[in-house]
Amino acid sequence: MIKKSIALILIAILFVAIFFTLANDLPFGDNRTTTGVSDKYIYHGVNDTGASNLVTAIVVNYRGFDTLGEVTVLFVAATGVGAVLYNMGRPAGKKRKKTEASLIVRTGSRILFPMMLLFGAYIFVHGHLTPGGGFQGGAVIATAFLFKYVSDTRYHIDHNKFTATESVVGMTFALVGIMGLLLTGYFLFNFLPNGSPGELLSAGIIPIIYVAIGIKVGAELTGILDNMMEVEQ
Amino acid sequence: MNFYTVLEYIGMFLVFVGALFLFLGALGIFRLPDVYNRLQAGTKATTLGAFGAIIGIGLMRPEWLPKAILIAVFILMTNPISSHALARASYRRGIKLWDRSVVDRYGPYLREKEEKEGKR
Amino acid sequence: MTAGNVSKYVYTAIILFLLWIVLTSTFFWEEILAGLVLSAMVAAMGYSLFTDKGLGNFSPKRLAYFLVYIPVFLWDVIKANLDVAYRVLSPKMPIKPGIVEIHTDLKSDIAKLGLANSITLTPGTLTLDIDDDRLFIHWIYVRTTDIKEASEEIGGKFERYMKVIFE
Amino acid sequence: MTFWIVCSGIVLVAVFLATVRAIAGPTVSDRLVAVDALTTITVALMVILGFIYGREIYLDVALVYAVLAFMGVLIVARYMEGGL
């Protein structure tokens, strides 16, 4: 009991100390974080890239190559999940029957599924204008497919179509990069005009890349879902 | 007093009513005796509360109105579905009704159905 | 009775395009173009399940009933909330909960979904499960356990609207 | 300004009550009901915050949050009845 109270008092003292140190040193709302290299991004980002969403400008334009790597990481992860789960059924005799979803959930998924897909598409198409982007939009698209899985225990996707889509959009990303290499001498360099920030067709190659990333991420996450929720016949 | 001021006052009223209903919903979740009754309060009151608040904001900023209506309608469509799924799952999980409930037609139905499937 | 594939597809694409317009709330030609392309693509993925009636949903009678239904429904939602407020705020909590069974004549799934959602959002009732034409309703203040009376009291009004709007 | 403080005070009490229920339980469903209500409250709060800060993009965030929160509750419910 005494130990506990001593610990609590110490924590309280520490908390107060940290609070006042920070409160004295860091005035509220002061942007001490913008020093050095980040200044350059903040003050020149919109002019350089034409994207009004600065995070997108950094992720897809300045650091476009990293993003290509990240998408590849996701692809490898999806493949790994598939490899691990491929032959992992439940032990025979212990299979339980899944409870079917009720008619309300099933019908709800019929109506809401296309709408969710459209939300996802909206998010990655507007990646350079509003928060969110390819990864977030892809996650929403995967959520729409998850709704299908939740509402119907026998639902499964057509793997061939999904793999084909994924390959095509992955190749689009790489092709855009190679075109930059050919036209300007740098991989993934922006070769399209920037346009005026705030319009849909602006920011050069960013929208193209984000659409590709969105579809790719959606397809990959759906593939993982399918592997995990596969029904044993 | 022009048109927009009137809209703004209506919007403020709606936001206030919405906040009030959000509070009532939470109070219902806090006070009522079992899961199903709590769901009743939780679904209805929070849905109307959020609906009122969001539409109210939409009226105060007319250029946001379409998207606000979209969010509100989405909530109106999804909230009943999730609370229905929750109620059904609770019953099938074996969570009992309040002991002063007067009638339960669902339990006999489930048992009957199980028997039928067991025979098959 | 279901509509042809073309009608279903066009209906889905139109609804999704309207949704896109609401979502972007602009009329730049780029946005319109993107909306057209995207709604055509998304509709291709989900049109077969989105609707049963296809373009038949746009018939004037259905639209008129739908427009009348909105205020009726909203008024019931408000009544439901005043009801909840009364039950929650009064110190004695006047509740007499129970699960009753009601029957419906609706055939199509979408109409049943509309009925169930309406029931959930209106005074004192919550749809617990649905099986063909039998609905199980959790009622916060049970007034009758008779199936016919309960059906009329809980779902009768909505059923009449749903029958025209979705069937 | 006073108006917003009053409104947020009311909503804060609501959040507190729902959180108490989410912690107290007693069953999983009770907690889930409370969480479901909290997500709806959160969506409303996001829209209100968007208005106060004058940022339309918060509406997008609210929309996506509404989609994801709905799916979250639905999935836990389906898991409870053994449908996953």
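Basis of the calculations
Residues numbered from 1 in each chain as written. Chains lettered and ligands numbered in written order. Predicted model: local features only at pLDDT ≥ 70, side-chain atom pairs only at ≥ 80, totals over all residues. Heavy atoms only, no water. Helix = DSSP H or I, 4+ residues; strand = E, 2+ residues; numbered from the N terminus. Rg over C-alpha atoms; globule rule 2.2 N^0.38 Å. Contact = heavy atoms within 4.5 Å. Areas by Shrake-Rupley, 256 points an atom, 1.4 Å probe, with all protein chains shown as cover. Lys, Arg positive; Asp, Glu negative; His and termini not counted. Charge placed at Lys NZ, Arg CZ, Asp CG, Glu CD. Domains from an automatic or database assignment. Buried area = accessible area lost by both parts, 1.4 Å probe. Salt bridge = Lys/Arg side-chain N within 4 Å of Asp/Glu carboxyl O. Polar contact = N/O pair within 3.5 Å; in protein donor to acceptor, adjacent residues only side chain to side chain. Nonpolar A, V, L, I, M, F, W, Y, C, P; charged D, E, K, R; others polar.

1. Considering the overall build of chain D
Part 1 of the argument: Scanning chain D from N- to C-terminus turns up 3 helices and 0 strands.
Part 2 of the argument: In sequence order, chain D lays out its α and β elements as α-α-α.
Part 3 of the argument: The C-alpha radius of gyration computed for chain D amounts to 15 Å, which surpasses the reference 12 Å derived for 84 residues by more than 25%, pointing to a less compact arrangement than a globule.
Part 4 of the argument: Its C-alpha atoms give chain D principal-axis dimensions of roughly 45 × 25 × 10 Å.
Part 5 of the argument: A separation of at least 24 residues holds for 38% of the contacts in chain D among residues at least 6 apart in sequence.
Part 6 of the argument: A total accessible area of about 3,500 Å² is found for chain D, and carbon and sulfur atoms account for 75% of it.
Part 7 of the argument: Distance between charge centroids for chain D: 8 Å, based on 4 positive and 5 negative side chains.

2. A few points about the domain arrangement of chain C
Residues and elements named next belong to chain C.
Part 1 of the argument: Domain boundaries in chain C define domain 1 (5-57) and domain 2 (59-166).
Part 2 of the argument: Computed from C-alpha coordinates alone, the two centres of domain 1 and domain 2 are separated by 30 Å.
Part 3 of the argument: Residue-level contacts link 7 residues of domain 1 with 7 residues of domain 2.
Part 4 of the argument: Of the roughly 450 Å² buried where domain 1 meets domain 2, counting both sides, 38% is carbon and sulfur surface.
Part 5 of the argument: The tally of links from domain 1 across to domain 2 stands at 0 salt bridges.

3. What to know about the interface of chain D and chain A
Part 1 of the argument: The partner chain A presents 21 residues to the 16 residues of chain D that form the contact.
Part 2 of the argument: Buried surface at the junction of chain D and chain A, summed over both partners, amounts to about 1,600 Å²; 74% is from carbon and sulfur atoms.
Part 3 of the argument: Counting every contact that joins chain D to chain A gives 0 salt bridges.
Part 4 of the argument: Summed over the shared surface of chain D and chain A, the number is 2 residue pairs in polar contact (both at pLDDT 80 or more).
Part 5 of the argument: Of the residues that constitute the side of chain D that touches chain A, the class distribution is 11 nonpolar, 2 polar and 3 charged.

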